[in-house]
Each structure stands twice: as C-alpha cells, then as structure tokens.
Amino acid sequence: MKTLFVVVFSVCAITLLGQKTDVNQDINNGINLAGEKVLQQIKIFPQEKIHVHTDRSTYVAGEQIWYRAYLVDAVLNRPAYASRYVYVELISPAGELVRLDKIRPVDSLFHNSIDLPEDLPEGMYMIRAYTNFMRNRPDYFFEKKVFIADPQSAAIKIIPEFDIDDKRGSLRIGFHRYGSQEADVENLKMRVDTGKIKEIDIDKKKLPAKTSEEFSFKTIPGKRQTVYVEFESNGRLFKKYIPVPKSEKDFDVSFFPEGGYLIDSAHCKLAFKALKTNGLSEDVTGEIFDNNDNLITSVQSGHAGMGSFLIFPEKGKTYYAVFKNKSGESKRFQLPATKPDACVLKTNWSRSKLYITLLKGIKYVERPLYLVIHTKGLVVYANAWTDQNTLSIDKAMFPSGITQILLLDGDMNPLSERLVFCFNENELAKAEISTDKPDYKKRERVSAKVRVTDANNNPLEGDFSVSVTDNRDILPDSTFTIVSSLLLCSDIVGYIESPEHYLKSIASIDALLLTQGWKRYNVPAVLKDSFDKPVHYMEAGQEISGTVKRVLGSKVNADNSVSIFSLNASYADVSVSDENGRFYFNGFEFPDSTTYIVQALSKKGKSYVELLIDKETFPEVKQFAVPDFQPDSMLLRYIEKSDLKYTDENGIRATVLETVTITGQKVNEPQRSSTYSSMMSTFITSDKFERYTDLYQALMLVGGVMVVGDKISIRGSSTPPVIIIDDVIWEDVDLRDINIMDVESIEVLKGAEAAVLGSKGAGGAIILTTKRGDITPKKGAKFNIKIVRPKGYRKDVEFYSPKYEPDDQMTGIDRRTTIFWKPNVKISEGNAEFDFYTADSNSKYSVIIEGITGEGRIIRTAGSISRGDKQ
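Residues numbered from 1 in each chain as written. Predicted model: local features only at pLDDT ≥ 70, side-chain atom pairs only at ≥ 80, totals over all residues. Heavy atoms only, no water.

**Q** If you had to explain the overall build of the chain to someone new, which residues and values would you point to?
**A** Looking only at helices and strands, one finds seven helices and 53 strands in the chain. Out of the 871 residues belonging to the chain, those deemed buried represent 54%. Here the contacts in the chain between residues at least 6 apart in sequence split such that 70% fall between residues at least 24 apart. (Helix = DSSP H or I, 4+ residues; strand = E, 2+ residues; numbered from the N terminus. Buried < 20%, exposed > 50% of the residue type's maximum accessible area, 1.4 Å probe, protein only. Contact = heavy atoms within 4.5 Å.)

**Q** Provide a residue-level description of the packing of aromatic side chains, including the pertinent values.
**A** With the rule as written, the count across this model stands at 31 aromatic pairs. Arranged with centres 5.4 Å apart and planes meeting at 85°, the rings of Trp66 and Phe799 form a pair that is edge-to-face. With Trp66 in strand 3 (residues 64–73) and Phe799 in the loop between strand 49 (785–788) and strand 50 (818–827), the pair connects residues that are 733 residues apart, well separated along the chain. Taken together, the ring pairs in this structure connect Phe251, Phe255, Phe272, Phe309, Phe323 and Phe333 into an aromatic cluster. Note that Lys145 overlies the ring of Tyr495, its terminal NZ or CZ placed 3.9 Å from the centroid. In this arrangement the basic side chain of Lys339 is found over the ring face of Tyr261, its NZ or CZ atom lying 5.5 Å from the centre. (Phe/Tyr/Trp six-rings, centres within 6.5 Å; stacked < 30°, edge-to-face > 60°. Lys NZ or Arg CZ within 6 Å of the ring centre and 35° of its normal.)

**Q** Outline the pairing of strand 4 (residues 86–91), listing residues and values.
**A** The buried count for strand 4 comes to six of six residues, which makes it a mostly enclosed element. Every second residue of strand 4 is oriented toward a common face, with Val86, Val88 and Leu90 on one face and Tyr87, Glu89 and Ile91 on the other, all of them buried. Pairing of strand 4 with strand 5 (residues 97–103) involves six bridges; the strand directions are antiparallel. Across the sheet, residue Val86 finds its bridge partner in strand 5, namely Ile103. Connecting the antiparallel pair strand 4 and strand 5 is a turn made up of five residues, with Gly95 showing a positive phi of about 80°. In the sheet, strand 4 pairs with strand 7 (residues 123–130) via five bridges, with the strands oriented antiparallel. Of the residues in strand 7, the one forming a bridge with Ile91 is Met126. (Pairing = 2+ DSSP bridges.)

**Q** Describe in detail the sheet that holds strand 6 (residues 110–115), supporting the description with residues and values.
**A** Spatially, the three strands line up as an open sheet ordered 1-3-6, and their pairing is antiparallel. Across the chains shown, the open sheet's two edge strands, defined by having one partner strand only, are strand 1 (48–54) and strand 6. With strand direction ignored, the average angle separating the axes of adjacent strands in the sheet is 30°. Examined bridge by bridge, strand 3 and strand 6 share six bridges and lie antiparallel to one another. Across the sheet, Trp66 pairs through a bridge with Ser113, a residue of strand 6. (Axes fitted to C-alpha atoms, helices over the stretch in contact; angles between N-to-C directions.)

**Q** Any chance you could break down empty space enclosed by the protein for me, citing the residues and the numbers?
**A** Taken as a whole and assessed by the stated rule, the structure comprises five cavities of 30 Å³ or more. Within this model, the largest cavity holds a volume of roughly 190 Å³. Contributing to the lining of the largest cavity are 18 residues, with His53, Thr54, Arg56, Asp477 and Ile848 lying nearest its centre. Going through the elements one at a time, strand 1, strand 35 (462–470) and strand 52 (843–853) are the ones with two or more residues in the lining of the largest cavity. If you tally residues by element for the lining of the largest cavity, the top one is strand 1, at four residues. For the second largest cavity, the calculated volume is near 120 Å³. What lines the second largest cavity is a set of 14 residues, and nearest its centre among them are Lys240, Tyr241, Pro243, Asp628 and Phe629. Of all the elements in the fold, those that place two or more residues in the lining of the second largest cavity are strand 7 and strand 17 (236–243). The biggest single contributor to the lining of the second largest cavity is strand 17, with four residues. In terms of residue class, the lining of the second largest cavity is made up of 10 nonpolar, two polar and two charged. (1 Å grid on protein atoms, 1.4 Å probe; cavity = no way out; pocket = protein on both sides within 12 Å on 5 of 7 lines; lining within 4 Å. Points joined across faces, edges and corners; volume = space filled by probe spheres on them. Nonpolar A, V, L, I, M, F, W, Y, C, P; charged D, E, K, R; others polar.)

**Q** Tell me about the side chain of His53, and name the residues and values.
**A** Mapped onto the elements, His53 comes out in strand 1. Note on His53: relative accessible area 5%, which makes it buried. A distance of 2.6 Å separates the side chain of His53 from the side chain of Ser465, its partner in a polar contact. Beyond its immediate stretch of four places on either side in the chain, His53 contacts Trp66, Tyr67, Arg68, Tyr70, Ser465, Ser467, Trp821, Ile848 and Glu850. (Polar contact = N/O pair within 3.5 Å; in protein donor to acceptor, adjacent residues only side chain to side chain.)

**Q** Just give me the short version of the pattern of salt bridges, but keep the residues and values in it.
**A** In this structure the tally under the stated criterion is 41 salt bridges. Ionic pairing is found between Lys346 and Glu258, a salt bridge with its closest N-O pair at 4.0 Å. With Lys346 in strand 25 (residues 343–350) and Glu258 in the loop between strand 18 (251–257) and strand 19 (268–276), this residue pair connects regions lying 88 residues apart in the sequence. Two residues, Asp592 and Lys791, come together in a salt bridge whose shortest N-O distance is 3.0 Å. One end of the pair, Asp592, is in the loop between strand 39 (582–588) and strand 40 (596–601); the other, Lys791, is in the loop between strand 49 and strand 50, and 199 residues separate them in sequence. For Asp592, a relative accessible area of 33% corresponds to the partly exposed category. Through salt bridges with shared partners, a single network forms among Glu258, Lys269, Lys346, Arg418 and Asp510. (Salt bridge = Lys/Arg side-chain N within 4 Å of Asp/Glu carboxyl O.)

**Q** Talk me through unusual backbone geometry; I want residue IDs and the actual numbers.
**A** Phi at Asp107 takes a positive value of approximately 55°, unusual for a residue other than glycine. If you trace the backbone, Asp107 turns up in the loop between strand 5 and strand 6. The backbone phi angle of Met412 is positive, close to 65°, even though this residue is not glycine. By the element assignment, Met412 lies in the loop between strand 30 (401–408) and strand 31 (414–422).

**Q** How would you summarise the sheet that holds strand 27 (residues 369–375) if you had to cite specific residues and measurements?
**A** Taking strand neighbours across the sheet as the criterion, the four strands line up as 28-27-30-31 in an open arrangement whose pairing is antiparallel. A strand with exactly one partner marks an edge of an open sheet, and here the two such strands are strand 28 (378–385) and strand 31. Averaged over all neighbouring strand pairs, the angle between strand axes comes to 15°, with direction disregarded. Pairing of strand 27 with strand 28 involves seven bridges; the strand directions are antiparallel. The residue of strand 28 that forms the bridge with Ile373 is Tyr381.

**Q** So, the side chain of Thr403: which residues are in play, and what are the values?
**A** Topologically, Thr403 is positioned in strand 30. Of the polar contacts made by the side chain of Thr403, one reaches the side chain of Thr375; its length is 2.6 Å. Sequence-distant contacts of Thr403, that is, excluding residues within four places in its chain, are made with Ile373, His374, Thr375, Phe398, Arg418, Leu419 and Val420.

**Q** Can you break down the environment of Phe783 residue by residue, with the values?
**A** Its location among the elements puts Phe783 in the loop between strand 48 (765–770) and strand 49. C-alpha separation for the pair Phe783 and Val551, spaced 232 residues apart in sequence, amounts to 7.3 Å. In contact with Phe783, other than residues within four places in its own chain, are Val551, Val609, Glu610 and Leu611.

Spelled out as structure tokens, the structure:
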C-alpha cells in the first residue's frame, strides 16, 4: 500500500489577500481566495528540495566522496521527513550511470559516501540526488559536478587535437610528461560514446609523443559527445573522458523580452543568452540594427553568456542583431517582433523597494487586470490592478528566493510574467567558528566550537555538516553553496554556471531570471481550481508488489496466497491478492543485494498461477554539458599525494601484466552461489563428474541419493526432490535435457537443509548451477515462483578520523586531504562543537560548514585553521 503524505504549512507564514500595501487599493472580492487556492495546491502536492554537501569537489579514482543530503520542503526550506529514502547517483561524462545508492536516514539525517573504483576514467562527473516523490518534477533534481582524476595524470598530460565539422571529426593525441620521470605509452584505445573501440598501435613511444594515425568518428548534430581514451604507461592503465568540442563557428543567441513581449513606442528590456552547440555559455559582443540598417546600440554579454539591453521599438520597424563570439565568428539573429495588443510587466529594484509598472501596446483593449505575486507558492500580494502608474512593494514583504509576478485578466488567464530575486541575508543563520588555539602542530588535537544565531543573536536549533580540507591540495568550491543551491538552483529549470555569482550581482541575476523560468506550480491554473496532483508517491519504506493471474492467460486471480521470504535477511511475510490480482509487501527494509523468493498459490493451494513482479524503474540518465578541464600545478600535487596515500593504505594499484602461460592443474574451489544453498549440503563441482555422460549418473556419487531410471529419491523419500536450475524452480524436468558439460556444480539438500522450500522441500532438493547461467530445460518452468533482488539501502558508513596521543610514535605519513568530515553536528541552544587531529603537512586548512535550522534558516560559513610547525 502506498501512502501520500500531506504537508500542511502554517497559514500565518503566508501573507494572504487583504494585507495593506503602499497604495491603499480596494481589495477585489473575485481574487480574495488566491492565497487559499495556492495553499490548497501546496497541500495536495507538497514539494521537496535536496542539497548535497560534499567534503570537496575534486577527487582521485579510488577515493571516497563523503556527503550529506539535506532534504527540505520546497517552500520554507524546513527539514522534510516524509520520504524515507534519498537516491544518489554518480553519472559519467558519457551520460552513463556509474553508481546508484539508496540511503536511509540515520537519526533523521541523510549521509553516506560514494566509493570511487580505482579504475574509474578521469573526467567531470555529475552527482544527482532525488527522492521518489521528486520524480514528479525531475527538472528540479539536485545536480553537482565533481572532477575525478586518474592517478596517472600527475605524470602524463594528454593534449587532444580535434578537427571538427558538421559531419565528421578526427582526433590526434599528444602525450607529454611532467617533471623528469621517464614514461612511455602503448596500446592506445579510443572510442566515441558507446561506439566500437579503435586500437592504435603506437609502438611503446617515449614521451613526448603524438599519435601518427587519426581517430575518425561521426559527429552528431545536437548531441554532446565524449571520447574515451585508454592506454598503458609504465605498466599502468590511464583512462580518461575527453569532451568533443563543437565547431567554434557555430553558436546560438536566444532573446527574451521582459514580461514576454516587446511593445511599440515604449522603453523595453530585452535579455539574451548565447550558447555553444555543446550547451555551455559563449561570450559574445553584438550590435543592434533596425530594418534600415541603422545602428541602434551595442551590447556585450556578461556572466555565462547572458545580458540585456534597452530598446525603443518604433511602429512599423523590425530589428536584428549581429553577434560575434570569441573566435571572431559573426552571426545574424532576428529580434522578436512587437505585439501591439499586449500588456506586459516591467520591474525595477530601487534600494529597499520593488517597483512594478505596466506597458500597454497601441492596440491593447482595456479590461480588468489582476496582479498575483508569490514566492515559492507563498502569496505575498494579490489584488486588482487599478490605473496607478506604479506599484511599490517593500523588500521586507518578500522571503528570500525567486518571486513570480503574474498579470492576469478577469478569467485568470496569464497575460504577462516576471521573475525577480530577493536575498535577505538576515533570514540566514549566523555561524561563528572558534578554536582553542590560533595555530597547531603536526597530529595535534583541534577543538572547535560553533555559535549559531539569527540576525538578532537569538540562539538557534538544528544541525550541520562540516568539512575540513588541506589548502595545499584543494581549495573549497566557492561557486556553489547551500545558499545558492536552495534559494536559486533548486527553483530554476536548467543548468546554472557558477550560481553563487548571482547572489552578488543584481544585473546578472536579473538576466538569468529573464532567460529561465519557475515552473513548480502552474499558478494561473490553480486560480481556476485546476490542481496538479503527484504521480509518484513518497516512500515510507521498501515495497515489493506485483500481480497474480492465470497461467498463459490474461485474467487476474483474486484471493491468491502470496508469500515472501529471504534467507539472508531472516524475513518472511504473507499477503493475499485483491480483486485486481494485485499484492503488496511493505513495512520492511533491508540492505542492497538482499535476495527475496516470492511464491503465489491459488485459493486451493495449487501452483497453477502466474506471478508477475513489478519492475523497479529509475529516472532516465542524460548526458550533461561537460566543460574542458585541465589540471593545474596545485591539482597535480594533490593527485600525486592521493596516489601515494592509496598505496600506503591499499598496496599498489592494479597494473597491466605481460601475458604469460601457466601450465598446471586447474583447481576449483567450491562456491555455493544459489539463494537456496546451505553450508551443510553436499556440494560437488564439475571436475568430479566430468567423466559421466549425464546428470543422473553424476547424482549417484552423492550418498543418500537413489536414481532409478529418471526417478530420483533422497533418503528414500516418496516425495520427489525440487529441481532448481540457476535459482529457478522447475517441475517435471528430465535431467537428460541438460548437457552435463554445461553444469558447473551440483548441490543436494537433504532433510532440514531443504526447509527453506517449505512443504515442497520434504523430498529434498537438487540445485544445478550452470556455467553460462542461461540453460533452459524443454519444459517445467515454475510460473508461480520468482526470485527478486530489489534496490535496498546502502549500509551506513563513517568517516575515519585518526586520534593521536601525545606519546604516540610518529610512524608512517598522514597524507589526508580531507582532514575531517562530520555530517551530523547537532546545534543545541545555539552551540555546537567538534574536534579532530591535524595531519602532517604544513598548511592552512579550510573549514566549510553547511546546514539547516529547524525553522528553515540556511547555515553556511567558511573559516580557516593554521597548521604549521615552529622551526
């Protein structure tokens, strides 16, 4: 059974209709219920946000990404508790899912780690996080890019040389080495996305070197492509993703009039956004002309290829723009036409007030107009628009975040829309870090205290995560924080480059909001009583569901008994199918890779029914825009240090060995791999029965097993044994149908060993594991039994932080880059504390704290700790 949780927000948090504004207008009775209607929509379809704080943003293959996921409601940013699981994905530059973890809360907090395989190719990866309920709005999934380096990149630099046009591309690769270390390369392989691998023989060249042969591939218009490169150097593999650049000649510029339309004979603001064909921003300059080729104005893009300019369209004229990119390529674009019958919103921030005016086209027909203003669904103003020229609203009326201003007609149809951003820093929590000393020695204990208050120094309650990293290795990411994530990125569709920049620039954020939209709720539809409803529900726990129907038919069966059990989880339950043949098992949860056996029986206890298990689905993984990223000298030092740390803790990394031939006898270690296996059973492998011609002869090897013709009896039981082939139960199987040479092992369960099969196991069981895992007898499949391994939760992990005593011998080298990570620091009466020990390198440490208070105040602060031995 699935449950829809309803989050009821306090009405006092919403400024409803009828509140006095700077203009004393009469409140129109027709829209008095706007606030209540939006609140009703929020109750029907509450929404969630996620921010993920990672210990850093750059890693080396073989390390761990430590993270805390902050799950909050999308309106007030208060901690949300209804969803039981958060899903965290790691996506490769080629748009392939590398890892998917399902994590559950620990003491109401979501935190865990991502283990990076040691052979993970180098490149820019994406962390994506969501709940099942957030799948109703997949455009608002959390996304963050992290760079993962190959250890070999500290020694070898790859220099790609692309030649790209609209149809074909070619690539030559140059190899250089850093420093004086000798290096060579050989066995180069390359492929584009999921295409065939091309091997290029480069005859073990010493560096520097360059491939003499071109790698040619087909370019796909409108698709982001990556080249996967693999080669050997000094006995170790180097793997890397390289984004395929698009033609520098091609770029696109889109235009977005303020309020939706340009108006004749009025000063209009027109925003623009320039993009390369790979989806990344392009810096451009441009000139605006009328249809008589008269120059009107010159423009230049600002942050992330966006900008805006004012234009005064004259009646009867059209306009165009000529833009030039950094490569000197020019393109002409037509500007949007004017709309004579339009009425559009125009806004302007001045000091602490927002000013709103209307622009009306020359053919606009006067009609009743209404203005509704809300921030993330909280209505802060709703009233009829009268003939005043300008409406002013104090900044204090707006919560921090994106505000949508809607101009509506009498039928609540939208005529114009404008987005603005308000950032009230006094709504954030203040966090001050103090330590017991100004400077610390090698492997010395650091005791830190944090004071968390509001703007009036009142103590707050909540929790935060803290990361301490070595500045000699990596500097903290200042372009993306919990503030820009929850207030900006989580409410805008599309990728935002360096979102923290927008919190510091009114012009940049205005251009951003003119070019991208807020779509969490369709407010005009809500005002017409058309409410959006979720399709995906909040998960309260794990669930396995399905349908029972007649064998080889479409008719469903009601009142069938469905049982489930798991040996490794010591779990069992029974359910009954409903009138639609549906059944559900819920209210349980077990770790990932837990195996369950589900069996359906008819009302009379017969097995002649078919069991269909609902397949788990997950959101589509898409390729993302990958910037070209080259490691700098600081990053190279960190990569080399990380590789040494990995070797200290795990031994040498995987190496490529020369092919050798070993002559000797093959040894088969018994491996019980079946779900039904028992450590007490009789287990024989193929080397013991390979001289026999069929399985019946092989079974005679087992004590207690009697074979007469094609009849098998275990311990003289009159009940025939259950036949299980590759974990699937079969009936009426003639074992002569299975080639004995295809069988890897035979396992025989006797007596209590077969208790897992219930009454069916009274005669014991024979388990066959085949070499290929796909052998199918001619008949006898059990339609009423299924083995399922649903996605379970990832077990809790804890960051290891060493503790040193004053008398400890200084053995080994402490090469930590993440000096300390704690995802669950509690704030009580405004106070919190944590402690850790310094590492060996003389450096300054960065301390990053991110968190949320119980009332939804965002916590974010940065500090530093000095680590230097006195000489």
